[in-house]
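Examination of the molecular architecture
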Amino acid sequence: MGKYEALFEDEDNIFGGTPKSKFWDIANQANEEIVEDEFDKIMEKFAVMEAILRKEHNDIELDKMIAAYAFEYADDIELHKKGLYIEFTGEIVCRLDS
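Residues numbered from 1 in each chain as written. Predicted model: local features only at pLDDT ≥ 70, side-chain atom pairs only at ≥ 80, totals over all residues. Heavy atoms only, no water.

**Section: the packing of helix α3 (residues 19–29) against helix α6 (residues 74–96)**
Test applied: For helices, the fitted axis covers only the stretch in contact; all axes are lines through C-alpha atoms, and the angles between them, taken along N-to-C directions, range from 0 to 180 degrees. Here a strand is any run of E in DSSP of at least two residues, a helix any run of H or I of at least four, and the numbering for each starts at the N terminus. Any angle between 65 and 115 degrees counts as roughly perpendicular, while under 35 counts as roughly parallel, over 145 as roughly antiparallel, and the rest as oblique. Crossings are sorted by hand: turned counterclockwise from the far helix by less than a right angle, the near helix makes the crossing left-handed, and turned clockwise it makes it right-handed. Should any heavy atoms of two residues lie within 4.5 Å, those residues are counted as being in contact.
Here α3 crosses α6 at 20°, and the two axes come no closer than 8 Å. Classified by the angle their axes make, α3 and α6 are roughly parallel. Regarding α3 and α6, the two cross each other, and that crossing is left-handed. Contacts from Pro19, Lys20, Phe23, Trp24, Ile26 and Ala27 in α3 reach Lys82, Tyr85, Ile86, Phe88, Thr89, Ile92 and Val93 in α6.

Okay, here's the thing in structure tokens:
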């Protein structure tokens, strides 16, 4: 499950909500410039990954592959999303003092 396994065992007690809800709680309270900068990093990473995949697959084929993979591995994807929300929340929190 990865390095965040213990955090998913009892989300309500540790986070007072889900990783997604805590991300948005913090993002809505943090400096807008920090949140925009972190979101831009996320979009850049997404754009690079998509560009790499588009070298081998066209748009329609890629969209179908993503949908099929998301369906087949829904539980793994959900866990990974939670981990990413935690990671991105941490990035914002770490920058609040700077």
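**Some words on the pattern of salt bridges**
This is how it is decided: Salt bridges are counted wherever a side-chain nitrogen of Lys or Arg sits within 4 Å of a carboxyl oxygen of Asp or Glu. When a residue's accessible area, from a 1.4 Å probe over protein chains only, is under 20% of the maximum for its type it is buried; when over 50% it is exposed; and in between it is partly exposed.
Counting across every chain of the model gives 7 salt bridges. With a closest N to O distance of 3.2 Å, Lys41 and Glu38 form a salt bridge. Highlighted residues: Lys41 and Glu38, both in helix α4 (residues 32–54), separated by 3 residues, approximately one helical turn. Residue classification places Lys41 among the partly exposed positions, given a relative accessible area of 42%. Among the charged side chains, a salt-bridge network with shared partners connects Asp37, Glu38, Lys41 and Arg95.

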